[in-house]
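Okay, here's what each chain looks like letter by letter:
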Amino acid sequence: MATDSTIPPPHSALHSETEHWWYEHYNWLEENGYHLRPRYKPGWVPSWELDKSLSIRECEDFKSSGGTRNDAIRISDGAFVYLKRVEKAGNPHEVETTTFLSPTNSTPDPDNHCIPLYDSLIVPNSPEEYVVLALPLQRPSLDPQFATIGEAADFLQQIFKGLRYIHSRHVAHRDVHASNITADALKLFNEPWHPRDLKRTRNGFKPSVLKHVTRTECPVRYYFIDFGLSLKFDPEDADPSALPILGIDKTPPEFKTLDKPCNPFQTDVYCLGNIIRENFLDGSNFEQPKHGFKFLRSLADDMTQTDPAKRPTMDDATRRLDEAVSRLPDSHLRRRYQLKAEGIFDRMSLYFPHRNRTSQFIQKKLPAIPQWKESS
């Protein structure tokens, strides 16, 4: 049974409508090996109602999830996961593509930066044909902020190789954006973060308790997520094309005419180049430009050419990125990751701590570009 008629109704004053599905499927998910947070357990009574001395905003179970995603714990080993509910009618290729690209279902390849798929659960008695994907809990790729240019270079090299790998499997992602790239960052932090409040610990304690080290000290691995718009093409198709579909990045020039087919692999290249432009070179409504990334200008400009046919392939773009990074001296790679708009007070206050930390890293022989390993 997908639901149980004996389950008490959700807490009408506190559970939003988008949370009801998770509340109603708590027992089914538990039977399949996953614990949702206490907020979704049938009969839940808020902790601040049980203990009137608690501040509601400091309580872990005050923080809601809902919609198509929720976090959970895998019962077998205590691993933190996030669950994504996919409606097959609305996303007919997502389950298939996520499974196809998952490192758990293919020959090991260090360049495969697609999110691992732990589990795929078919929801019984579901008119919507829901499938719940169980994936490792991740953190946004750009959070916490990079400490050095070398850390940002590692991020770019990983995601370039990752998109090259996706294209080598004849799959176009079609929604390449920094928001669809995550970091396996658990080891950066002294405690696990709360999935619904990244500045707090999992048990809801104040942000000051949650501390992290740099990626230079603890390299992380980055992953592409969200294959809901992705398409797999026939390897024999020399000129793949599909009608444009709007993802997060709506700036590709070919999106001006949505009824004209285009090559989605070339659009992926544009969107990846635009990550460089918006997050490092020029900034955007959400990001400020940074110092020290001029070495990427030529590559970013070519990847975002107005004419899609003039953009490099991911093979060429990855080679050019690696060559550009290889020409940088360690002194440049170890420079502090710095906003161009940073004021003189911030520059002065951050200069000496960064210099001292860099000296320690050099003494420890930590590379200027973090080197992720399986045991990292």
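Only a predicted model underlies this, so the values are computations on that prediction, with no experimental measurement involved.

### Considering the environment of D249
Item 1. Structurally, D249 is set in the loop between strand 12 (231–232) and helix 6 (264–281).
Item 2. Spatially, the C-alpha atoms of D249 and V209 are 35 Å apart, while their sequence positions differ by 40 residues.
Item 3. Residues within four places of D249 in sequence aside, it is in contact with V176, H177, F255, Y270, C271 and N274.
Item 4. At 2.6 Å, the side chain of D249 and the side chain of T251 are in polar contact.
Item 5. Here N274 takes part through its side chain, which lies 2.9 Å from a polar atom of the side chain of D249.

### Overview of the sheet that holds strand 11 (residues 221–224)
The strands making up a sheet associate through hydrogen bonds between their backbones, and the pairing can be parallel or antiparallel.
Item 1. Read from one edge to the other, the open sheet built from three strands follows the order 6-8-11, with strand pairing classed as antiparallel. Of all the strands in the sheet, just strand 6 (139–140) and strand 11 have a single pairing partner and so form its edges.
Item 2. Where strand 6 and strand 8 (residues 181–184) come together, two bridges link them in antiparallel fashion. Note that in strand 8 the partner of R139 across the bridge is A183.
Item 3. Strands strand 8 and strand 11 of the sheet are contacted by helix 5 (residues 149–168), whose axis makes an angle of about 40 degrees with strand 11.

### Things to note about the packing of helix 5 against helix 6
Item 1. Contact geometry for helix 5 and helix 6: axes closest at 11 Å, N-to-C directions at 170 degrees. Between helix 5 and helix 6, the angle falls in the class roughly antiparallel. Along the contact surface, helix 5 presents A152, F155, L156, I159, F160, L163 and H167, while helix 6 presents F265, D268, V269, L272, I276 and F280.
Item 2. Considering only residue class, the contact of helix 5 with helix 6 consists of eleven nonpolar, one polar and one charged.

### Points about empty space enclosed by the protein
Item 1. For the coordinates displayed, the defined rule picks out four cavities of 30 Å³ or more.
Item 2. There is about 70 Å³ of room inside the largest cavity.
Item 3. The space that makes up the second largest cavity amounts to roughly 50 Å³.
Item 4. If you go around the second largest cavity, the residues you meet are Y82, K84, E94, T98, I115, L133, L135, I225, D226 and F227.
Item 5. The set of elements that each furnish at least two residues to the lining of the second largest cavity consists of strand 3 (80–87), helix 4 (94–101) and strand 5 (130–136).
Item 6. Split by residue class, the lining of the second largest cavity holds six nonpolar, one polar and three charged.

### A few points about the environment of E58
Item 1. Its place among the elements puts E58 in the loop between helix 3 (47–50) and strand 2 (69–74).
Item 2. Distance in space between the C-alpha atoms of E58 and N203 is 8.9 Å, their sequence separation being 145 residues.

### Some words on the sheet that holds strand 4 (residues 119–122)
Item 1. What the five strands build is an open sheet, ordered 1-2-3-5-4; its pairing is antiparallel. Both outer strands of the open sheet, strand 1 (34–36) and strand 4, are each paired with one neighbouring strand and no more. Averaged over all pairs of adjacent strands, the angle between strand axes in this sheet comes to 35 degrees, irrespective of strand direction.
Item 2. With three bridges joining them, strand 1 and strand 2 adopt antiparallel strand pairing. The residue of strand 2 that forms the bridge with Y34 is R74.

### Here's the deal with the pairing of strand 10 (residues 197–201)
Item 1. For strand 9 (residues 193–194) and strand 10, the ladder comprises two bridges, and the chain directions are antiparallel. Residue W193 lies in a different strand from strand 10, and its bridge partner there is T201.
Item 2. Taking the residues between adjacent antiparallel strands as the criterion, strand 9 and strand 10 are bridged by two residues.

### Description of the pattern of salt bridges
Item 1. According to the stated counting rule, one finds 19 salt bridges in the structure shown.
Item 2. R320 serves as the salt-bridge partner of D302, at 2.9 Å between the closest nitrogen and oxygen. Of this pair, D302 sits in helix 7 (residues 297–303) while R320 sits in helix 8 (residues 314–326); the two residues are 18 residues apart in sequence, bridging distant segments of the chain.
Item 3. Its relative accessible area of 23% is what places D302 among the partly exposed residues.
Item 4. The shortest N-O distance in the salt bridge between D316 and R319 comes to 3.9 Å. A residue pair is termed a helical-turn pair when its members lie 3 or 4 positions apart in one helix, as D316 and R319 do in helix 8 at three residues.

### Section: the side chain of T318
Item 1. Mapped onto the fold, T318 is located in helix 8.
Item 2. The buried category is assigned to T318, whose relative accessible area is 1%.
Item 3. At 3.5 Å, the side chain of T318 forms a polar contact with the backbone oxygen of F160.
Item 4. Those residues in contact with T318 that lie beyond four places of it in its chain are F160, K161 and R164.

### Observations regarding a negative patch on the surface
Item 1. A cluster of acidic side chains, namely D234, E236, D237 and D239, defines a negative patch on the protein surface.
Item 2. Note that D237 resides in the loop between strand 12 and helix 6.
Item 3. The exposure class assigned to D237 is partly exposed, which follows from its relative accessible area of 35%.

### So, a nonpolar patch on the surface
Item 1. Among the surface-exposed residues, I344, F345 and M348 lie close enough to one another that they form a single nonpolar patch of about 400 Å² accessible area.
Item 2. Within the secondary structure, F345 is located in helix 10 (residues 344–363).
Item 3. On the basis of relative accessible area, F345 is assigned to the exposed category, the value being 67%.

Rules behind the numbers
Residues numbered from 1 in each chain as written. Predicted model: local features only at pLDDT ≥ 70, side-chain atom pairs only at ≥ 80, totals over all residues. Heavy atoms only, no water. Helix = DSSP H or I, 4+ residues; strand = E, 2+ residues; numbered from the N terminus. Contact = heavy atoms within 4.5 Å. Polar contact = N/O pair within 3.5 Å; in protein donor to acceptor, adjacent residues only side chain to side chain. Pairing = 2+ DSSP bridges. Axes fitted to C-alpha atoms, helices over the stretch in contact; angles between N-to-C directions. Parallel < 35°, antiparallel > 145°, perpendicular 65-115°, else oblique. Nonpolar A, V, L, I, M, F, W, Y, C, P; charged D, E, K, R; others polar. 1 Å grid on protein atoms, 1.4 Å probe; cavity = no way out; pocket = protein on both sides within 12 Å on 5 of 7 lines; lining within 4 Å. Points joined across faces, edges and corners; volume = space filled by probe spheres on them. Salt bridge = Lys/Arg side-chain N within 4 Å of Asp/Glu carboxyl O. Buried < 20%, exposed > 50% of the residue type's maximum accessible area, 1.4 Å probe, protein only. Patch = residues over 30% accessible without salt bridge, like charges linked within 9 Å, V, L, I, M, F, W, Y side chains within 5 Å. Areas by Shrake-Rupley, 256 points an atom, 1.4 Å probe, with all protein chains shown as cover. Lys, Arg positive; Asp, Glu negative; His and termini not counted. Charge placed at Lys NZ, Arg CZ, Asp CG, Glu CD.

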